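A look at the structure
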Amino acid sequence: MSVHKSDIKKVTTHQLQEMKSRGEKISMLTAYDYSMARILDAGGIDVLLVGDSASNVMAGNETTLPITLDHMIWHASSVVKAVERALVVVDIPFGSYQANSSEALRSAIRIMKESGAHAVKVEGGSEIKESVMRIISAGVPVMGHLGLTPQSIYKFGTYSVRAKEEAEAEKLIEDALLLESCGCFALVLEKIPSKLAEKVAQRLRIPVIGIGAGPKVDGQVLVVHDMLGITKDFKPRFLRRYADLNQVITEAVSHYIADVKSSSFPNDKESY
Ligand code: KIV
């Protein structure tokens, strides 16, 4: 199978902008640890997101809310050590930027200083405008995130598709334009109607990356554990599984157990 890797040696925010301009789609996946990040980076992924979905897939929490800034920095520094080419973006977790812009700036600076990541991501629009502007004016690139924003799950009450109604769709477009005017370098749109996502991607100059936002945006992101089939129970319509690693691992583990029980592992060649 071919590896889709362009000539880009190191992906930057500027290059993502150029990719949008020339109509080249941007590939993005989550990563939370060194070993996986090495594989994804060598495979040619453009952007690695150290997502706060680590709270769900790495720590087994029901929501993204419990993960802390310290946890995110730990995950991010593991990913950064593995990466040679991809742009590494880190979620600022719930409770580390919503109170005010000083707290937001402090959190962003900690992430950049302590992990070595290249950019941060925040959820929300007009309500976090000041924080976004302050982080960007300190020299930290910011990726926005609108639509279904999991840090607000208790406000929404459900993980269903957002912005189906006109008022919410209008607000989303306004927020997207606002984030662009504040200086965000890219925007994630999660679980919104395809037509709305297309409209936003057409109106914005910055790249729009979708998850459950249809094909007419500038790139796609998925949670790596979902697309590799490590997680089993999460089956939203937007998810395409590219492997069934759950099955592969289960078979390998049961083979190993059988070999240990039957004393066929280790054999002479595997012993000193
Ligand atoms: O945390 C995460 O994995 C995300 C993606 C779903 C975009 O924010």
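1. With respect to the site of the ligand
- The local shell around the ligand consists of Thr30, Leu49, Gly51, Asp52, Ser53, Asp91, Lys121, His145, Glu190, Ile211 and Val223.
- The side chain of Asp52 places a nitrogen or oxygen atom 3.0 Å from an oxygen atom of the ligand.
- Asp91 places a polar side-chain atom, nitrogen or oxygen, 3.1 Å from an oxygen atom of the ligand.
- Taking 260 Å² as the accessible area of the ligand by itself, protein coverage stands at 96%.

2. Here we look at the packing of aromatic side chains
- Inspection of the entire model under this criterion finds two aromatic pairs.
- On the numbers, 6.4 Å between centres and 70° between planes, the contact of Phe234 with Phe238 is edge-to-face.
- Classification of Phe238 as partly exposed rests on a relative accessible area of 25%.
- Of note, Arg162 hangs over the ring of Phe156, and the distance from its end group to the ring centre comes to 4.0 Å.

3. Brief notes about helix α1 (residues 13–21)
- Restricting attention to buried positions, one finds in α1 the residues Leu16, Met19 and Lys20. Projected onto a plane normal to the axis of α1, the buried residues spread over an arc of 100° and lie on a single side. Looking at α1, the residues exposed on the side facing more than 90 degrees away from the buried face are His14 and Ser21.
- The secondary structure elements touched by the buried residues of α1 are β1 (26–30), β2 (47–50), β3 (87–91) and α9 (194–203).
- Phi for Gly23, located one or two positions after α1, is positive at around 75°.

4. Let's talk about the domain arrangement of the protein chain
- As assigned here, the protein chain comprises domain 1 (13–241) and domain 2 (244–272).
- Just the C-alpha atoms count here: the centres of domain 1 and domain 2 sit 38 Å apart.

5. What to know about the nonpolar core
- Residues Leu48, Leu187, Leu189 and Val200 are the most contacted members of the largest nonpolar core, which totals 80 residues.
- Tallying contributions element by element places helix α4 (residues 69–82) first for this core, with seven residues.
- Among residues more than four places away in sequence, those in contact with Leu187 are Met143, Gly144, His145, Leu146, Ala176, Leu179, Val200, Leu204, Ile206, Pro207, Val208 and Ile209.

6. Some details on the pattern of salt bridges
- Enumeration according to the criterion identifies 11 salt bridges in this entry.
- Between Asp70 and Arg110 there is a salt bridge whose closest N-O contact spans 2.7 Å. Here Arg110 lies in helix α5 (residues 101–115) and Asp70 lies in helix α4, a separation of 40 residues in the sequence.
- Judged by its relative accessible area of 29%, Arg110 falls in the partly exposed class.
- Glu180 is paired through a salt bridge with Arg205; the nearest N and O atoms lie 3.6 Å apart. With a gap of 25 residues between them, Glu180 in helix α8 (residues 166–182) and Arg205 in the loop between α9 and β7 (208–211) connect regions that are remote in the sequence.
- Residue classification places Arg205 among the exposed positions, given a relative accessible area of 58%.
- Shared partners join several salt bridges into a network, and the residues in it are Asp70, Arg110 and Glu114.

7. With respect to the state of the cysteines
- All chains considered together, the criterion is met by zero disulfides.
- Residue Cys182 stays outside any disulfide, its sulfur separated by 6.4 Å from that of Cys184, the closest cysteine.

8. What about the packing of helix α6 (residues 129–137) against α8?
- Contact geometry for α6 and α8: axes closest at 9 Å, N-to-C directions at 25°. Classified by the angle their axes make, α6 and α8 are roughly parallel. Along this stretch, α6 crosses α8, giving a crossing that reads as right-handed. Residue-level inspection shows Lys129, Val132, Met133 and Ile136 of α6 in contact with α8, the latter providing Leu178, Leu179 and Cys182.
- Counted by class, the contact of α6 with α8 contains six nonpolar, no polar and one charged residues.

9. Let's talk about a nonpolar patch on the surface
- Together, Val248, Ile249, Val253, Tyr256, Ile257, Val260 and Phe265 make up a nonpolar patch on the protein surface, roughly 610 Å² of accessible area in all.
- Inspection of the secondary structure puts Ile257 in helix α11 (residues 245–261).
- Of the residues examined, Ile257 reaches a relative accessible area of 41% and is grouped as partly exposed.

Scoring rules and cut-offs
Residues numbered from 1 in each chain as written. Predicted model: local features only at pLDDT ≥ 70, side-chain atom pairs only at ≥ 80, totals over all residues. Heavy atoms only, no water. Near = heavy atom within 4 Å. Polar contact = N/O pair within 3.5 Å; in protein donor to acceptor, adjacent residues only side chain to side chain. Areas by Shrake-Rupley, 256 points an atom, 1.4 Å probe, with all protein chains shown as cover. Phe/Tyr/Trp six-rings, centres within 6.5 Å; stacked < 30°, edge-to-face > 60°. Buried < 20%, exposed > 50% of the residue type's maximum accessible area, 1.4 Å probe, protein only. Lys NZ or Arg CZ within 6 Å of the ring centre and 35° of its normal. Helix = DSSP H or I, 4+ residues; strand = E, 2+ residues; numbered from the N terminus. Arc of directions from axis to C-beta. Contact = heavy atoms within 4.5 Å. Domains from an automatic or database assignment. Core = buried A, V, L, I, M, F, W, Y, C linked by side-chain atoms within 4.5 Å. Salt bridge = Lys/Arg side-chain N within 4 Å of Asp/Glu carboxyl O. Disulfide = S-S within 2.5 Å. Axes fitted to C-alpha atoms, helices over the stretch in contact; angles between N-to-C directions. Parallel < 35°, antiparallel > 145°, perpendicular 65-115°, else oblique. Left-handed = near helix turned anticlockwise from the far one by under 90°. Nonpolar A, V, L, I, M, F, W, Y, C, P; charged D, E, K, R; others polar. Patch = residues over 30% accessible without salt bridge, like charges linked within 9 Å, V, L, I, M, F, W, Y side chains within 5 Å.

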